[in-house]
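Read off the chains here:
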Amino acid sequence: MFSFIENFFKALFDMVPKLMYLIYASIASVIDVLQLLFRKLAGLDIVYITDPVTGVTHRTTGDIITQFITGIIGFDMNEYGLHYSVLSTVFWSFIIFGVIILFASTLVAIIKSHYNYDEKAAKGPMQYVYTAGRSLVSIAIVPIVIVLGLFVSQALLTALDQITSTSDTAVVSLYGMDAVRDNLVPAQTARSHDENPNSPYAGETSYVYYDIFGASSGCVYGDVGYSTMEIQIREEFPSMTNIAATNATFSGSLFKTAAYNANRARKYDWFSKDGVNRFVGDDDYSYLGSDFDLFRNADGNEELAEMIDTAFACNLHTSKPIKIRYDNGTWMAWISPTFFTQFLAIDTHAFSKFNIGFVWYYYDLWSFNFIVGFGSIIVATSIFLNIIMGLMTRFFMCLVLFLIAPPMYGLAPLDNGQAAKNWRENFTKQVLMSYGAVVGMNLVLLILPYVNQINFFNIGIADYFVQTLFIIVGLVTIKAVIATLSAVIGAADANKAGDDI
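Quick caveat: nothing in here was measured; it's all calculated off a predicted structure.

Draft legend 1. Inspection of the overall build of the protein chain at higher detail. Broken down by element type, the protein chain carries 16 helices and 7 strands. Evaluated residue by residue, the protein chain yields a buried proportion of 54% over its 501 residues. Of the roughly 22700 Å² of accessible surface on the protein chain, a fraction of 65% belongs to carbon and sulfur atoms.

Draft legend 2. A look at the confidence of the model for the protein chain. In this model, the protein chain carries a mean pLDDT of 78, and residues with pLDDT of at least 70 account for 78%. Here strand E5 (residues 220–221) is the element of the protein chain with the lowest mean pLDDT, 66, and helix H12 (residues 405–410) is the one with the highest, 92. Within the model, the stretch residues 224–238 combines pLDDT values under 50 with 40 contacts to residues more than four positions away or in other chains. Predicted confidence for residues 281–286 stays below pLDDT 50, and this span has 14 contacts to residues more than four positions away or in other chains.

Draft legend 3. Quick look at a nonpolar patch on the surface. Among the surface-exposed residues, Met1, Phe2, Phe4, Ile5, Phe9, Leu12, Phe13, Val16, Met20 and Trp366 lie close enough to one another that they form a single nonpolar patch of about 1100 Å² accessible area. In this fold, Leu12 is placed in helix H1 (residues 2–41).

Draft legend 4. Up close: the nonpolar core. Counting 117 residues, the largest nonpolar core has Tyr21, Tyr175, Leu316, Phe351, Tyr363, Phe368 and Ile387 as the members making the most contacts within it. Ignoring any residue separated from it by four or fewer positions in sequence, one finds Tyr21 in contact with Phe255, Lys353, Ile356, Val359, Leu365, Phe368 and Phe370.

Draft legend 5. Main features of the packing of aromatic side chains. In total, this model carries 30 aromatic pairs according to the counting rule given. Taking the centre distance of 6.1 Å and the plane angle of 40° together, the rings of Phe255 and Phe312 count as tilted. One end of the pair, Phe255, is in helix H7 (residues 250–258); the other, Phe312, is in helix H9 (residues 301–313), with 57 residues separating them in the sequence. Accessibility assignment for this pair places Phe255 and Phe312 in one class, buried. Here the aromatic rings of Phe351 and Tyr362 are separated by 6.1 Å at their centres, their planes lie at 45°, and the arrangement is tilted. With Phe351 in the loop between strand E7 (345–350) and helix H10 (356–362) and Tyr362 in helix H10, this pair connects stretches of sequence that are 11 residues apart. Overall, the relative accessible area of 0% leaves Phe351 in the buried class. Classification of Tyr362 as buried rests on a relative accessible area of 0%. A cation over an aromatic ring shows up here: Arg264 above the ring of Trp360, its NZ or CZ 5.0 Å from the ring centre.

Draft legend 6. Focus on H9. With 13 residues, H9 should reach 18 Å at 1.5 Å per residue; the first-to-last C-alpha distance of 18 Å fits that figure. Judged by how many residues are buried, H9 sits mostly within the fold: 10 of 13 residues are covered. Here H9 has its buried residues at Asn301, Leu304, Ala305, Met307, Ile308, Asp309, Thr310, Ala311, Phe312 and Ala313. Against the buried residues of H9 lie helix H5 (169–175), H7, helix H8 (264–268) and H10.

Draft legend 7. Local environment of the pairing of strand E6 (residues 317–323). The element E6 is largely enclosed, with a buried count of 5 among its 7 residues. As defined by bridge partners, E6 adjoins E7 across 3 bridges and the pair is classed as antiparallel. Within E7, the residue paired with Lys323 across the bridge is Asp347.

Draft legend 8. How the structure looks around the pattern of salt bridges. Scanning the model with the defined rule gives 9 salt bridges in all. The salt bridge partner of Asp309 is Arg266, with a shortest N-O separation of 3.1 Å. Here Asp309 is found in helix H9, whereas its partner Arg266 is found in helix H8, with 43 residues between them in sequence. Each member of the pair Asp309 and Arg266 is classed as buried. Salt bridges sharing common partners tie together Asp178, Arg181, Asp182 and Arg296.

Rules used throughout
Residues numbered from 1 in each chain as written. Predicted model: local features only at pLDDT ≥ 70, side-chain atom pairs only at ≥ 80, totals over all residues. Heavy atoms only, no water. Helix = DSSP H or I, 4+ residues; strand = E, 2+ residues; numbered from the N terminus. Buried < 20%, exposed > 50% of the residue type's maximum accessible area, 1.4 Å probe, protein only. Areas by Shrake-Rupley, 256 points an atom, 1.4 Å probe, with all protein chains shown as cover. pLDDT = per-residue confidence, 0-100. Contact = heavy atoms within 4.5 Å. Patch = residues over 30% accessible without salt bridge, like charges linked within 9 Å, V, L, I, M, F, W, Y side chains within 5 Å. Salt bridge = Lys/Arg side-chain N within 4 Å of Asp/Glu carboxyl O. Core = buried A, V, L, I, M, F, W, Y, C linked by side-chain atoms within 4.5 Å. Phe/Tyr/Trp six-rings, centres within 6.5 Å; stacked < 30°, edge-to-face > 60°. Lys NZ or Arg CZ within 6 Å of the ring centre and 35° of its normal. Expected span 1.5 Å × (residues − 1). Pairing = 2+ DSSP bridges.

Structure follows, in structure tokens:
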């Protein structure tokens, strides 16, 4: 009876860190949503656009601004030929209005010159006619130049993204090619799932996944015992491809930092318990089923802990269901399959950070650093919101500036092209805004993993504190990096624009 009471209250109080972690994991999932949205707004991933005429939804790659502008003009620059009749009407109306403004401003400039006795007036009225002619040509060719420029800009941005992105080769090097091949499943990224074999992303796969509220993770909860249900690995579009990540995720890096001391393998010396590695897939010892052996190449307790951290940080998906074995013995006494089974993980095929039961299996959430965890995700969320709002502002500003371009050029005879010059500068800044954001974000993501390899004191807790500080400062530094890069290339600052919004 006393054992029953003890186990009951232990399971009851264990719900406290589980519920706290659920809140943390929910906000961390929002970070993954924002990180993926950031790439989509920058034109580096797939978006889905519904044709307003046919109502059919199409997958499309590239900058959505380019998609809208080509649709407004009526260029069939993609296989779907998206068109926006209302915006097209407004655009051609502005073209006509711009020509009218040009004609009127030319007349006003000529009349005005008759009452000005200066050097410019002495050249005669034909100079205004020449300016009007150049403006008329500009009104005609500027839309074409904009479209071509956007395609060139997107190609350069894609190249920069590929140069500054991390890859999932670290996963293979950590676990070993044999373990990865036998236990993990890569998915085609959304942008590689293209019918065009000549696409630059054709054949692109990834072992790293965004963790968006456990999507495509195949979590099975409850107390029904060992499930016999086979979880099908959904390789086809649009399930796992939707969450395949082309580079490391911020939520993964923050999780590894906050969960460092909570890792049971690191905390309780799992690897050498009874002199047996219980995670190599052996029938007699494995607690993850007899055929799952992703961690079989672990050489020591610390490497096993690192493998576990990386599995959750990258949301690795397995090629076979993981049927978790629970044991009421002393070695796994922290897991009770009897009480409060809402977070009891039975089956899964992914190391999802949103799978609270599976996380509890590997991590003592009483030791999870919630202060660092919540502090880091608040900083990361604020930065992502600023940048994403800046890129959303870019979308509206580019379209509005594109529509009002003809009247700006129509004023050339009166203001000597000053309005058109200001328009060009502002439009260019908006288009180039994504450069500083993408390169700045990718470079910081690229550098952060190497910082975690530095031990300043060779004292675990002290080095852990410094590494955490580095990550938080790195996140804040992204603001300065984006501002600096944007200033160098003459682009608008996405972070500042979003902060103003």
